[in-house]
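# Architecture and fold: a report
Next come the chains, spelled out residue by residue.
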Amino acid sequence: MNWDVIIKWLPRLTEGALLTLELVAIAVIAGLLLAIPLGIARASRHWYVRALPFGYIFFFRGTPLLLQLFLVYYGMAQFDVIRQGPLWPYLRDPYWCAIITMTLHTAAYIAEILRGAIQAIPPGEIEAARALGMGRRQTLLHIILPRAARIGLPAYSNEVILMLKASALASTITLLELTGMARTIIARTYLPVEIFFAAGLFYLLIAFVLVQAFKLLERWLRVDACQGR
Amino acid sequence: MTPDLHGFGPALAAGTWMTIQLALAALAVGLVLGLLGALAKTSSYKPLQWLGSSYSTIVRGVPELLWVLLIYFGTVGLMRSLADWLGLESLELNAFAAGTIALGLCFGAYATEVFRGAILAIPRGHREAGLALGLSRPRILWTIILPQMWRIALPGLGNLFMILMKDTALVSVIGLEEIMRRSQIAVTASKEPFTFYMVAAFIYLGLTILAMTGMYFLEKRANRGFVRSAS
């Protein structure tokens, strides 16, 4: 193992790690915002409300993220309408393509988590809210969503870690995030083991920090106290 | 839009077959690794516990793509010294083998946790009953623990297999000619990226539906004799 090489390229790898963090942070936050209406619609009692989110979730969970990235990054260029459209400067840029695709991808997973969480709320609690005279909207805002957030939080933290690892795929559309940076460095140094090892350590470190942060968040939201344990 | 495949249909079909082979090979490797990991993690021997938990923690903390790349590009030196040692001309890991090992490794790390949960879910009395009947430890494992664990672990393993099947797309990065790689080739020739990647997407969706159907029957078989409690 050649440690000097790792130390020499550490600044570049850190640069890559920062881009990775940026991609993941934007994707999981935008994904969450997109997932809230999707998840609520997915948990609806009416089949015509459920159908659209179901199809969306089925497509994004049933196909590889790599394929989705290629569909957006390469696939959109097939249509002249899009190439002449106002969004083309964004859809041409690998950074925006990665963000759009990762957001759409993770939104499908988060929506499914949210649906599970909404359906896991004891019906008695919703009935109690209704019995106290809360309207549908009030029940949703004050009872269902806060409760679902706490039930779904552990699964959401899982999803964030999965997205951290999935962000490595952005390297295939030429983005220089952690994996992309590692591959670029390897192309110059021909030392795959050392550089991939260092990149792996970075991922482990980031994952560790994220797990600890979510533990704090769970304590702050008193997730345990809400589970009736 | 009727997809005009420009004569790439057979190539995509071959890619689909390659994806299926890769997924099944990685599944076999991963099941063995997961079982070993779970047994190590639930054993009463400290170093084994430590080995099992560090395996699942480290492998799960690093992206699958990195494992694929590391095993494909990182083992070149290792294989060369191995070839020297064996006195062979040259020895290298092909993309299929590297993909199988990398995906199997990742599947195994997750399966470790699934199997561990399932082993812990088996009542302690069953093991004790086996001991009281004078069965040896391997015998208890084989005839009492494993058949019961299978039923509990199956839904979790099904989820992992779906993830594995989508992860096979990553192996296209090291040039294995599975669905993704074949579509990329078709795209280069036809300049119709959206059409071909969409076709690939529907192939993956089809494979997912196939796997879901398979899981349904496997679970039905594993659950025979157990009535789902009404709730």
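Definitions and cut-offs
- Residues numbered from 1 in each chain as written.
- Chains lettered and ligands numbered in written order.
- Predicted model: local features only at pLDDT ≥ 70, side-chain atom pairs only at ≥ 80, totals over all residues.
- UniProt positions renumbered as here; feature names shortened; annotations may be inferred.
- Helix = DSSP H or I, 4+ residues; strand = E, 2+ residues; numbered from the N terminus.
- Buried ≥ 20, exposed ≤ 12 C-beta atoms within 10 Å, placed from the backbone.
- Contact = placed C-beta atoms within 7 Å.
- Nonpolar A, V, L, I, M, F, W, Y, C, P; charged D, E, K, R; others polar.
- pLDDT = per-residue confidence, 0-100.
- Core = buried A, V, L, I, M, F, W, Y, C linked by C-beta atoms within 7 Å.
- Axes fitted to C-alpha atoms, helices over the stretch in contact; angles between N-to-C directions.
- Parallel < 35°, antiparallel > 145°, perpendicular 65-115°, else oblique.
- Left-handed = near helix turned anticlockwise from the far one by under 90°.

Under an unreviewed UniProt entry, chain B has the name ABC transporter permease and belongs to Pseudomonas fluvialis. The UniProt entry for chain B carries the following text under Sequence similarities (unreviewed entry): "Belongs to the binding-protein-dependent transport system permease family. HisMQ subfamily."

The name given to chain A in an unreviewed UniProt entry is Arginine ABC transporter permease protein ArtM, with the source organism recorded as Pseudomonas fluvialis. The heading Sequence similarities (unreviewed entry) in the UniProt record of chain A holds the text "Belongs to the binding-protein-dependent transport system permease family. HisMQ subfamily."

Across its full length, chain B carries nine helices and zero strands. Moving toward the C terminus, one meets the helices and strands of chain B in the order α-α-α-α-α-α-α-α-α. If one aligns the C-alpha atoms of chain B with their principal axes, the spans along those axes are about 70 × 55 × 30 Å. Taken across its 231 residues, chain B has 38% of its residues classed as buried. Partitioning the contacts of chain B with sequence separation of at least 6, the portion at a separation of at least 24 is 77%.

Here the focus is the interface of chain A and chain B. Counting residues at the interface gives 25 residues for chain A, matched by 27 residues for chain B. Elements represented by at least two residues in the side of chain A that touches chain B include exactly α3 (65-73) and α10 (192-220) of chain A. No other element matches α10(A), which puts eight residues into the side of chain A that touches chain B. For the side of chain A that touches chain B, the class distribution of residues is 17 nonpolar, seven polar and one charged.

Moving on to the environment of Thr19(B). Residue and element names in this part refer to chain B. For threonine 19, the location among the structural elements is in helix α1 (residues 9-42). Threonine 19 sits in the buried class, given 27 other C-beta atoms within 10 Å. Sequence separation between threonine 19 and alanine 201 is 182 residues, and the spatial gap between their C-alpha atoms is 13 Å. Among all residues touching threonine 19, those that are not within four sequence positions of it are Thr168, Glu178 and Ile179.

On to the UniProt feature "transmembrane region" (unreviewed entry) in chain A. Residues and elements named next belong to chain A. Look at the UniProt record and you will see "transmembrane region" (unreviewed entry) annotated at residues 20-41, 53-75 and 193-214. When the span residues 20-41 is considered, its composition is 100% helix and 0% strand, and the gap between its end C-alpha atoms is 31 Å. Structurally, residues 53-75 is divided into 83% helix and 0% strand, and its ends, taken at the C-alpha atoms, are 23 Å apart.

When the pLDDT values of chain B are averaged, the result is 88; 96% of them are 70 or greater. For this predicted complex, the interface confidence score (ipTM) comes to 0.84, while the overall pTM stands at 0.87.

On to the UniProt feature "domain: ABC transmembrane type-1" (unreviewed entry) in chain A. On the UniProt side, "domain: ABC transmembrane type-1" (unreviewed entry) is annotated at positions that read residues 17-214 of chain A here. As a span, residues 17-214 of chain A carries 82% helix and 0% strand, and end to end its C-alpha atoms are 19 Å apart.

All right, on to the UniProt feature "domain: ABC transmembrane type-1" (unreviewed entry) in chain B then. Feature annotation in UniProt places "domain: ABC transmembrane type-1" (unreviewed entry) on residues 16-215 of chain B, given in this structure's numbering. Helix makes up 84% of residues 16-215 of chain B and strand 0%, with an end-to-end C-alpha separation of 19 Å.

A word on the nonpolar core. Of all hydrophobic cores here, the largest spans 117 residues; its most connected members are Leu67(A), Leu66(B) and Val68(B). Sorting elements by how many residues they give to this core places helix α5 (residues 95-121) of chain B first, with 14 residues. Those residues in contact with Leu67(A), other than ones at most four positions away along the chain, are Ala169(B), Met180(B), Tyr197(B), Ala200(B), Ala201(B) and Tyr204(B).

Here we take up the packing of helix α2 (residues 47-62) of chain A against helix α6 (residues 94-120) of chain A. Residue and element names in this part refer to chain A. Across the interface, α2 lies against α6 with an axial gap of 9 Å and an inter-helix angle of 120 degrees. By the angle between their axes, α2 is oblique relative to α6. α6 is crossed by α2, and the crossing has left-handed handedness. Of α6, the residues touching α2 (which contributes Pro53, Tyr56, Ile57, Phe60 and Arg61) are Leu104, His105, Ala108, Tyr109, Ala111 and Glu112. Residues that form the contact of α2 with α6 fall into these classes: eight nonpolar, one polar and two charged.

Below, the discussion takes up the environment of Leu22(B). Residue and element names in this part refer to chain B. Mapped onto the elements of the fold, leucine 22 is located in helix α1. We classify leucine 22 as buried; it has 22 C-beta atoms within 10 Å. Between the C-alpha atoms of leucine 22 and threonine 168, which are 146 residues apart in sequence, the distance is 7.0 Å.

Residues and elements named next belong to chain A. The contact between α6 and helix α8 (residues 136-166) brings their axes to 8 Å, and the two run at 145 degrees. Crossing of α6 over α8 shows right-handed handedness. Every residue of α8 that contacts α6 at Met102, Thr106, Tyr109, Ile110, Ile113, Leu114, Ala117, Ile118 and Ala120 is listed here: Ile144, Ala148, Ile151, Gly152, Ala155, Tyr156, Glu159, Met163 and Ala166. Here the residues of the contact of α6 with α8 sort into 15 nonpolar, two polar and one charged.

All names here are of chain B. UniProt feature "transmembrane region" (unreviewed entry): in the numbering of this structure it lies at residues 20-40, 61-83, 95-119, 140-164 and 196-218. From the first C-alpha to the last, residues 140-164 spans 31 Å; its make-up is 100% helix and 0% strand. Segment residues 196-218 splits into 100% helix and 0% strand. End C-alpha atoms: 33 Å apart.

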